[in-house]
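The primary structure of each chain is shown beneath.
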Amino acid sequence: MSKLNECSFIFKTTRSILNIYSKLSTLPFDSGALQWRMLRLSTAQPARHPEPITKARNLAYLLFERPELARTRDFLVGFGLKPVEAAPDTLYLRGTGGAPYVYRAQRGKRARFLGLAFEVEDRRALDALSVLPGASAVEAEEGPGGGARVRLRDPSGFEVRAVCGRQPAEPLPHRAPLPLNTPDAQARINDGQRTPVTPPDVIRLGHVVLEVAAYQATCAFYTRTFGLIPSDVQVLSDGSPAVTFFRLDRGAQPTDHHTLALAQGVLPVYSHSAYEVVDADAVGMGQRVLRELGHKHAWGIGRHILGSQIFDYWCDPFGDKHEHYCDGDMLTADQPMGVHAVSRYAMSQWGQVMPRDFTRPKLSPRALYAISQNLAHSPDLSLAKLRELAKIFG
C-alpha cells in the first residue's frame, strides 16, 4: 500500500469509526435477536491444544505501570489488598492467601497495564518456554518470594511471564463467611448480622480480562503455551468469537471458570482484573467503603451468568477497573466448552445491565490510528464486525 493510499485508508477508517460511535444512542438492540439462530463457532479458535508446551498452575500476579504510586496504593488498600514491599519505584501487594504478591505496580510516565504472570510446575517448564521465539532466558524473579522466570510476549503485545519456585507467604487471617438464616435452616438465633465497616479482605487474584485485536493468534498462544482450556465462548452473528473465558487445566482438580478472558476488540487493552472476597457481604461492604472514599463506581452489584460470580466493579484513579467477586463456578478439565450468544444482557443474571461505557474504547488520535492499522491488517477485524460490536457493547 502506497503512502498516499495508506493515508486515505486511515482517513476513511477514522471517519467510519467516529460515525459508528457517534450513532450509538440511536442503535437499537434486541436482546433476543441471536437466540433463534443455531449457535456455532465458525473459527478455529478458541479450542483446546492437544499438546501444550506447559500447563499453568495459577495466575501469579499482574503488572502495571503508574505515574503516581501513592494514589495507586491508597486505592488498592481501600479495595482490600495489603502492601508487602515497596521499593522507591515499585509497589507489591498481596491478598490474605499464600501468594507472596498478586499485584505489582512500577513507576512510569503513564498509567497502563503491562502484563500478567502464570505460575508453572517447575524449572523444566521454564526451560521449555525459554526456547520459544522472542522468549528470555531463565532468569531470577525479583520481588517477594523470589523464584525464577521466563519472559514472553503474546501476539497482542502484552508481557507474559512464567514463574516457578516462589516461596509462599504465610496466609493472613480473614473473617469467616457470615452464617445465613434461610427458610429451611437457621444458623443464627438471638444474634444479629453485622459486617465490619472496613475494606473487604481480598483473598486472592482470580482472573484478568483483556481486549485484543489479533484474536485468533492470541487465543492460540495461551492454549498452546500454557494449556488454557476454553470454558465458554460468546459468539457474534457470523459465529466468530466475541468473548472467550479460559480456565486452567488442573485435571480432576476443580478450578475457576476462568482465569483469563479474551474479548474481541479494536485495540489490545486491559479490561479489568478480579479479586475474590469471602462472601456477598464483603462485596457489598467493598462498595460502601470505596464509595465513601470517593472512588468511581463502574458496574454492579450483580451476578454474572457465565462464571456465576456475584460482582462489583470499581475504577482506580487512572480509570482501570477492578472487580470484587465471590461464589464463582468451579470446573474440572473434562467439562466441555459452551457456545452462547453475546449481548450486554448476557453478562448478568440480575442487577444492573452492563453500562454502555464499560467496554467503550478511548478514542484518542493515537488510538484511532492504531484502530485503523488493526482494521487494515488484522484478519479478525472488519468495519462490519466493529459495527456489530459497537451496537452490542458501545
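Observations concerning the pattern of salt bridges
For the coordinates displayed, the defined rule picks out 24 salt bridges. Ionic contacts of the salt-bridge type, sharing partners, join the residues Arg104, Glu139, Glu141, Glu142, Arg149, Arg151, Glu159 and Arg161 into one network.

Regarding the sheet that holds strand β4 (residues 103-107)
Strand order in the open sheet formed by 8 strands is β2-β3-β4-β1-β5-β8-β7-β6, and the pairing between neighbours is mixed. Edge positions in the sheet fall to β2 (82-87) and β6 (139-140), since each of these pairs with one other strand and no more. Where β2 lies against strand β3 (residues 90-94), 5 bridges are found, and the strand directions are antiparallel. When the bridges of β3 are listed, Ala87 appears paired with Thr90.

A closer look at the nonpolar core
In this structure, Leu116, Tyr222 and Phe226 are the most contacted members of the largest nonpolar core, which totals 53 residues. In terms of residue count, helix α4 (residues 215-226) provides more of this core than any other element does, 5 residues in total. Residues within four places of Leu116 in sequence aside, it is in contact with Leu59, Tyr61, Leu62, Leu63, Glu159, Val160, Arg161, Val208, Leu210, Tyr222 and Leu260. Formed by 20 residues, the second largest nonpolar core is a distinct cluster that contains Val209, Phe245, Ala298 and Phe311.

Remarks on the sheet that holds strand β14 (residues 269-276)
Strand order across the open sheet formed by 10 strands is β19-β10-β11-β13-β9-β14-β17-β16-β15-β20, with mixed pairing between neighbours. Of all strands in the sheet, those with a lone pairing partner are β19 (338-341) and β20 (350-351), marking the two edges. Two elements, strand β15 (residues 296-303) and strand β16 (residues 310-315), share 6 bridges in a ladder whose sense is antiparallel. If you follow Gly302 over to β16, its bridge partner there is Phe311. Along the sheet face, helix α2 (residues 69-79) touches β14, β16 and β17 (321-326) and points at about 15 degrees away from the line of β17. The strands that helix α5 (residues 280-292) touches are β15, β16 and β17; relative to β16, the one it contacts most, it runs at about 20 degrees.

Some words on the pairing of β14
Where burial is concerned, most of β14 is hidden: 6 out of the 8 residues are buried. The pairing of strand β9 (residues 204-212) with β14 spans 7 bridges and is classified as antiparallel. What sits directly across from Leu210, in β14, is Tyr270. Alignment of β14 against β17, held across 5 bridges, turns out to be parallel. In the strand pairing of β17, Ser273 is matched with His322.

Focus: the confidence of the model for the protein chain
Per-residue confidence for the protein chain gives a mean pLDDT of 90, with 90% of residues at or over 70. Considering only residues more than four positions removed or in separate chains, one finds that residues 17-37, a stretch of pLDDT under 50, has 37 contacts.

Overview of the packing of aromatic side chains
As enumerated under the stated definition, the model contains 19 aromatic pairs in all. Where Tyr61 meets Tyr101, the ring centres are 4.7 Å apart and the plane angle is 35 degrees; that geometry is what we call tilted. Here Tyr61 is found in strand β1 (residues 58-66), whereas its partner Tyr101 is found in the loop between β3 and β4, with 40 residues between them in sequence. Relative accessible area serves as the criterion here: at 0%, Tyr61 is assigned to the buried category. Owing to a relative accessible area of 0%, Tyr101 belongs among the buried residues under this scheme. A ring pair is formed by Phe64 and Phe113, whose centres lie 5.3 Å apart and whose planes are at 70 degrees; its orientation type is edge-to-face. One end of the pair, Phe64, is in strand β1; the other, Phe113, is in strand β5 (residues 112-119), and 49 residues separate them in sequence.

The rules we used
Residues numbered from 1 in each chain as written. Predicted model: local features only at pLDDT ≥ 70, side-chain atom pairs only at ≥ 80, totals over all residues. Heavy atoms only, no water. Salt bridge = Lys/Arg side-chain N within 4 Å of Asp/Glu carboxyl O. Pairing = 2+ DSSP bridges. Helix = DSSP H or I, 4+ residues; strand = E, 2+ residues; numbered from the N terminus. Core = buried A, V, L, I, M, F, W, Y, C linked by side-chain atoms within 4.5 Å. Buried < 20%, exposed > 50% of the residue type's maximum accessible area, 1.4 Å probe, protein only. Contact = heavy atoms within 4.5 Å. Axes fitted to C-alpha atoms, helices over the stretch in contact; angles between N-to-C directions. pLDDT = per-residue confidence, 0-100. Phe/Tyr/Trp six-rings, centres within 6.5 Å; stacked < 30°, edge-to-face > 60°.

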